[in-house]
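Chain by chain, the residues run as shown.
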Amino acid sequence: MTGELTVEFLALESAFIMVGFAVAAQVAPPDPYSQVLGTLVILAVTVPLSYWLVYRRGLSL
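> Please set out the environment of E13 residue by residue, giving values where relevant.
Relative to the helices and strands, E13 resides in helix 1 (residues 2-27). Along the backbone, E13 and Y55 are 42 residues apart, and their C-alpha atoms lie at a distance of 12 Å. Residues in contact with E13, not counting those within four places in the same chain, are L43, T46, V47 and S50. A distance of 2.7 Å separates the side chain of E13 from the side chain of T46, its partner in a polar contact.

Here it is, written out as structure tokens:
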């Protein structure tokens, strides 16, 4: 069971990160500082969201 949840967590996190980077590429300026800051924001938002959806809510893909 834990292995299945881990796979679902990683799949959902990967999807959220791809969407986050696509949005950040459109709204952030192309300098390195903004890109690093955007990456940190994306990870700070998507990791807890993915954890909550998979482990707490029982979201199944």
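Okay, back to it.
> Can you lay out the side chain of S50 for me, pointing to particular residues and giving the numbers?
Examined against the element boundaries, S50 turns out to sit in helix 2 (residues 32-56). For S50, the side chain forms a polar contact with the side chain of E13, separated by 2.7 Å. Apart from the residues within four sequence positions on either side, S50 is in contact with F9, L12, E13 and F16.

Reading the values: the criteria
- Residues numbered from 1 in each chain as written.
- Predicted model: local features only at pLDDT ≥ 70, side-chain atom pairs only at ≥ 80, totals over all residues.
- Heavy atoms only, no water.
- Helix = DSSP H or I, 4+ residues; strand = E, 2+ residues; numbered from the N terminus.
- Contact = heavy atoms within 4.5 Å.
- Polar contact = N/O pair within 3.5 Å; in protein donor to acceptor, adjacent residues only side chain to side chain.

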